[in-house]
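Inside the fold
Each chain is listed here by its residues.
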Amino acid sequence: MKVRSPLTLLNISIFCRAQFLLPVLFLFFQENGLNAGDFFLFEGISAFIGLFLLIPSGYISDFCHKKYILLISFLCLLIKTILWIFVSGYTSILIGTFLNAFSKSLYFTTSDSYIYEYLSLNKKEQEMSKRYGKLNFYFSFGIAISSIFSSIFYSKFGAIFLLILDFILTSFAIFLISLLPNLPIVHKA
């Protein structure tokens, strides 16, 4: 497979970001002794943390290499997955929820600016809408695939299979992100 651009690597990594466990997360919570109230509490905490972390995440991405921010984002997902594979219970789920929210805030504040800065560096700013649209397509396609297959895989193999699948896909995404070029840091005034 010939890769035409680092943005293709980013798109594929975003496709791999779709987590197979998320569509059946409530069932995973139940497996770990949590109830519906815990599920909605943790989802609320996740939304609040994600919203709260958007500003510092955006600030960090202005002063650090975007490639490293993306790597940290995916590493948080990988750590969450490893934690959930080996440790069960309330505290494990809570820490994983925090890692997932942190990962999401880093990703959302960095991916689009990475695309723009890459295009700007190559004098192709006019392609931003097209490239951002492709990124969103890959992200949405990954979610659609995981939504379709997660319930099938969960019913046949259980949550551990989905976690291992998430581990493999996230590891592959980290590998792809590591191949991205480091862009110059653009300080915004």
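Preceding this section is the structure that the text describes.
As the structure is a computational prediction, the values presented were derived from the model and not from experiment.

What counts, and at which threshold
Residues numbered from 1 in each chain as written. Predicted model: local features only at pLDDT ≥ 70, side-chain atom pairs only at ≥ 80, totals over all residues. Heavy atoms only, no water. Helix = DSSP H or I, 4+ residues; strand = E, 2+ residues; numbered from the N terminus. Rg over C-alpha atoms; globule rule 2.2 N^0.38 Å. Contact = heavy atoms within 4.5 Å. Areas by Shrake-Rupley, 256 points an atom, 1.4 Å probe, with all protein chains shown as cover. Axes fitted to C-alpha atoms, helices over the stretch in contact; angles between N-to-C directions. Parallel < 35°, antiparallel > 145°, perpendicular 65-115°, else oblique. Left-handed = near helix turned anticlockwise from the far one by under 90°. Nonpolar A, V, L, I, M, F, W, Y, C, P; charged D, E, K, R; others polar. Phe/Tyr/Trp six-rings, centres within 6.5 Å; stacked < 30°, edge-to-face > 60°. Buried < 20%, exposed > 50% of the residue type's maximum accessible area, 1.4 Å probe, protein only. Lys NZ or Arg CZ within 6 Å of the ring centre and 35° of its normal. Salt bridge = Lys/Arg side-chain N within 4 Å of Asp/Glu carboxyl O. Core = buried A, V, L, I, M, F, W, Y, C linked by side-chain atoms within 4.5 Å.

1. Regarding the overall build of the protein chain
On a plain count of helices and strands, the protein chain comes out with seven helices and zero strands. Scanning the protein chain from its N terminus toward the C terminus, one meets helices and strands in the order α-α-α-α-α-α-α. Against the compact-globule benchmark of 16 Å for 189 residues, the protein chain has a radius of gyration of 17 Å, which places it among compact chains. Projecting the C-alpha coordinates of the protein chain onto the three principal axes gives extents of approximately 55 × 40 × 25 Å. Partitioning the intrachain contacts of the protein chain with sequence separation of at least 6 by distance along the chain shows that 82% fall at a separation of at least 24. Accessible surface, the protein chain as shown: approximately 9800 Å² in total, 71% of it carbon and sulfur.

2. Description of the packing of helix α1 (residues 6-17) against helix α7 (residues 159-178)
Orientation of α1 relative to α7, taken along the N-to-C sense of each, is 165 degrees, at an axis distance of 8 Å. Between α1 and α7, the angle falls in the class roughly antiparallel. Seen along the crossing, α1 lies across α7 with a hand that is left-handed. Between α1, through Leu9, Leu10, Ile12, Ser13 and Cys16, and α7, the contact on the second element is made entirely by Leu169, Thr170, Phe172, Ala173, Leu176 and Ile177. When grouped by side-chain class, the residues that make up the contact of α1 with α7 number nine nonpolar, two polar and no charged.

3. Thoughts on the packing of aromatic side chains
Tallied over the entire structure, the rule returns 20 aromatic pairs. Note on Phe39 and Phe40: the rings are 5.3 Å apart at their centroids and 75 degrees apart in plane angle, and the pair reads as edge-to-face. With relative accessibility at 59%, the residue Phe40 sits in the exposed group. Taking the centre distance of 6.0 Å and the plane angle of 80 degrees together, the rings of Phe108 and Phe139 count as edge-to-face. Placement of Phe108 in helix α5 (residues 90-121) and of Phe139 in helix α6 (residues 128-157) is noted, with a sequence separation of 31 residues between them. Site record: aromatic cluster; members linked through ring pairs are Phe26, Phe29, Phe39, Phe40, Phe42 and Tyr90. Here the basic side chain of Arg17 rests over the ring of Phe74, its NZ or CZ set 5.3 Å away from the ring centre.

4. Some thoughts on the pattern of salt bridges
Considering all chains together, one arrives at two salt bridges under this definition. Two residues, Lys66 and Glu117, come together in a salt bridge whose shortest N-O distance is 3.3 Å. Of the two residues, Lys66 is situated in helix α4 (residues 66-86) and Glu117 in helix α5; the sequence distance between them amounts to 51 residues. Here Glu117 falls in the buried class, since its relative accessible area comes to 11%.

5. Things to note about the nonpolar core
Core analysis: the largest hydrophobic core is formed by 24 residues, its most contacted members being Leu10 and Tyr114. A total of six residues in this core trace back to one element, the largest contributor, which is α1. Residues contacting Tyr114, with those up to four places away along its chain left out, are Leu7, Leu10, Lys66, Lys67, Leu70, Leu180, Pro181 and Leu183. Counting residues in each nonpolar core, the second largest holds 15 residues, with Phe20, Leu34, Phe39 and Phe42 among its members.

6. A look at unusual backbone geometry
Notably, Lys123 is not glycine yet its phi reads approximately 55 degrees, a positive angle. Mapped onto the elements of the fold, Lys123 is located in the loop between α5 and α6. Judged by relative accessible area, which is 66%, Lys123 ranks as exposed.

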